[in-house]
Amino acid sequence: MIHITLPDGSVKQVEKGTTALDVAKSISEGLARNVLAAKVNGQVIDATRPFDADATLQLLTWNDTEGKSTMWHSSAHLMAEALEFFYPGIKLAIGPPIANGFYYDVDFMEYSISEKDLEKIELKMKELAKEKNLFVRQEISKAEAIAYFTEKQDPYKIELLENLEDGNITFYTQGNFTDLCRGPHIPDTGFIKAVKLTAIAGAYWRGDEKNKQLTRIYGVTFPKQAELVEHLEKLEEAKRRDHRKLGKELELFTFSQKVGQGLPLWLPKGAALRERLENFLKRAQRKAGYDQVITPHIGSKELYVTSGHFAKYGADSFQPIGTPYEGEEFMLKPMNCPHHCEIYKSKPRSYKDLPVRFAEFGTVYRYEQSGELHGLTRVRGFTQDDAHIFCTQDQVKDEFKKVIDLVLYIFKTLKFENFKAQISLRDKENPTKYIGSDENWEKAENAIIEAAAEKDLPTVVEYGEAAFYGPKLDFMVQDALGREWQLGTIQVDYNLPERFELEYTGADNQKHRPVMIHRAPFGSMERFVAVLLEHCAGDFPLWLSTEQYAILPISENYNEYAEKLSELLNNYDIRGFVDDRNEKVGKKIRDAEMKKIPFMLVVGEKEAEGNLVSVRQRGAGDLGSMDVESFAEIVRKAIEEELSSNV
RNA sequence: GCCGGUGUAGCUCAGUUGGCCAGAGCAGCUGAUUUGUAAUCAGCUGGUCGGGGGUUCGAAUCCCUCCACCGGCUCCA
């Protein structure tokens, strides 16, 4: 007899050879029907594997991330079985589970496949799922495995096998399909009740663009049809919130083929929104001791040779601009830091001056591959809310904390409640990858870790993710749909101060090298606006709305009164317009709602006579009628509340 | 850049066994209506069918090529 310890601490005494599924059955049949896999001694394995010694056991169901990924992994096998049915002779590469489903990379040989084919594959998968075929695990020698795939003429599996150790190789078989696979898998295909193949795309073998491009089919499966429906609804919602769609509808930005791809054009309303965000940040930065600077959009090629960026990125950048006669070369600036370094150097600095903080909404241009461009989140020209802090090594931690405060203030004000900070540190195994002294790195990394801890940031630490010039802290926010985006960043840089020979005079009257911190709380205005748009689905907070109210006269007879009101509200610094079109008020309300205007002010005879406005708030409905001062007070209070989230 | 898909009016979309002047709704304009909390009615304007080339008596529709966009891959100072 052996002992199996469950998560609640209870211990089951069972025969050797008992499986996790048996244990589940002994608890309840219902549970057993939901068990997808088992976590035994911390390792996820098939629920059908027999125990041969004492162990801890956690039964994994659809409610566990590992349960889901096990099912999706099995779904990839199921899809492969269906694919082999329709397209015999195809070569299979890899088919893993991913965050939201699974995919399989397939070399379709002479077959061609398009989205139209997905439906029949789904049907076949459902048909095979109904057969409740068991996933059978089989240990196999490397030689036998290679022989199997040689027979099957699958070069990808053979390549995978070549990198595997003999004695550690397993096959899994369900129905008519056998695959090289480490496992684990769900007990049988019957758990898969709902199937949706979502996309078909190209993907390189082993992610290397020098390799052959395979066809990747993405899919997702569920244990219940209802969950698939829910999933599809979520996708619809994401589509509805897509910043490209909202940006067009709300007339915020556009693109022109003639101007060039990836070069956003900000329309009046978008520009007003952006200006408001910039002013918001400028105000906060002024308070935090930043000095605003302005630098040109191009810089001499020498500048980037000095910074080292030309050597690293020059070939993949917009190419230098030449002057007509002298043959001088200038680059479109891909970042602002070299310019800011030169500002630092414009006069001698003393330790008493530090930290120096130069801020600039700096527009930069980077060549992105055409297939990479995406709405406002990936463009070729964008504006960073950039700043560079020049300080002593001892000031790094404090400066980090101040920047973290700034970022938190922004997140709080704009209601990004779910976020995390990723701390990217060195890969210590690979010291030659980094510049700067070990001692300074150690200090900087600790400073970041401590700063994050003291600010109670939810953090994940990634080793080996640091830039070659210094460690960094990136903020990832979740939008309303739980999708993750990288926004703000804070980076320590030992490289540029060295290359630009920056110095300050210390208390010891000796020259010292300052540390540089790059930081951008929004990241870029383009990306931030995109994420904000999706986060709030276009319903901007009042203080950010370009049009805070629309005055809707009942008929043309009240247009004059409406104009008078509008002037009055202008005196209160409340922005809006009069909808004096010859339309019924219902139509005007509808249009104002579609334009996401926070307040609609209906005026007719009653209001004109009593010097009142009838206020209707987006989302909240009719607030009744009141005088202008009361309305202005409502607006003032609402904005104060929105902006008061001091950290 | 690569693989796959898409491209018809300002917007959303019909229109492919190749065939009469290419359609609708919304937006816009004109007129009527003078309106009370999510679409008043009527008329009108508007299209090199993404660009170029080809096949054909005839091309939005078939072929070639280029461009842009969408979904991925690779990349991201």
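Above this text sits the structure in question.
Residues numbered from 1 in each chain as written. Chains lettered and ligands numbered in written order. Predicted model: local features only at pLDDT ≥ 70, side-chain atom pairs only at ≥ 80, totals over all residues. Heavy atoms only, no water.

Caption draft 1: Here's a closer look at the overall build of chain A. Each helix and strand in chain A was counted, giving 20 helices and 33 strands. In terms of overall dimensions, chain A has a C-alpha envelope of 85 × 75 × 60 Å along the principal axes. Taking all 647 residues of chain A together, the buried fraction comes to 49%. Across chain A, contacts joining residues at least 24 apart in sequence account for 69% of those joining residues at least 6 apart. Of the roughly 32000 Å² of accessible surface on chain A, a fraction of 47% belongs to carbon and sulfur atoms. A gap of 1 Å separates the mean positions of the 84 positive and 103 negative side-chain charges of chain A. (Helix = DSSP H or I, 4+ residues; strand = E, 2+ residues; numbered from the N terminus. Buried < 20%, exposed > 50% of the residue type's maximum accessible area, 1.4 Å probe, protein only. Contact = heavy atoms within 4.5 Å. Areas by Shrake-Rupley, 256 points an atom, 1.4 Å probe, with all protein chains shown as cover. Lys, Arg positive; Asp, Glu negative; His and termini not counted. Charge placed at Lys NZ, Arg CZ, Asp CG, Glu CD.)

Caption draft 2: Structural context of the sheet that holds strand β4 (residues 43-45). Read from one edge of the open sheet, five strands run β2-β1-β5-β3-β4, paired in mixed fashion. One side of each edge strand has no neighbouring strand; the edge strands of this open sheet are β2 (11-14) and β4. Across the sheet, the mean angle separating the axes of adjacent strands is 35 degrees when strand polarity is ignored. Sheet topology note: the strand β1 (residues 2-5)/β2 ladder contains four bridges and is antiparallel. Within β2, the position partnered with Ile 2 by the bridge is Val 14. This element, helix α1 (residues 20-27), spans β2, β3 (37-40) and β5 (55-60) of the sheet and lies at about 70 degrees to β5. (Pairing = 2+ DSSP bridges. Axes fitted to C-alpha atoms, helices over the stretch in contact; angles between N-to-C directions.)

Caption draft 3: Region of interest: the nonpolar core. Formed by 63 residues in total, the largest nonpolar core has its most connected members in Leu 277, Phe 400, Leu 414, Leu 473, Phe 475 and Phe 528. With ten residues, the top contributor of residues to this core is helix α13 (residues 396-413). Excluding its chain neighbours within four sequence positions, the residues that come into contact with Leu 414 are Leu 277, Phe 528, Leu 532, His 535, Pro 541, Trp 543 and Leu 544. Membership of the second largest hydrophobic core comes to 37 residues, among which are Tyr 104, Leu 128, Tyr 172 and Val 195. (Core = buried A, V, L, I, M, F, W, Y, C linked by side-chain atoms within 4.5 Å.)

Any link to function would need more than the numbers given here.
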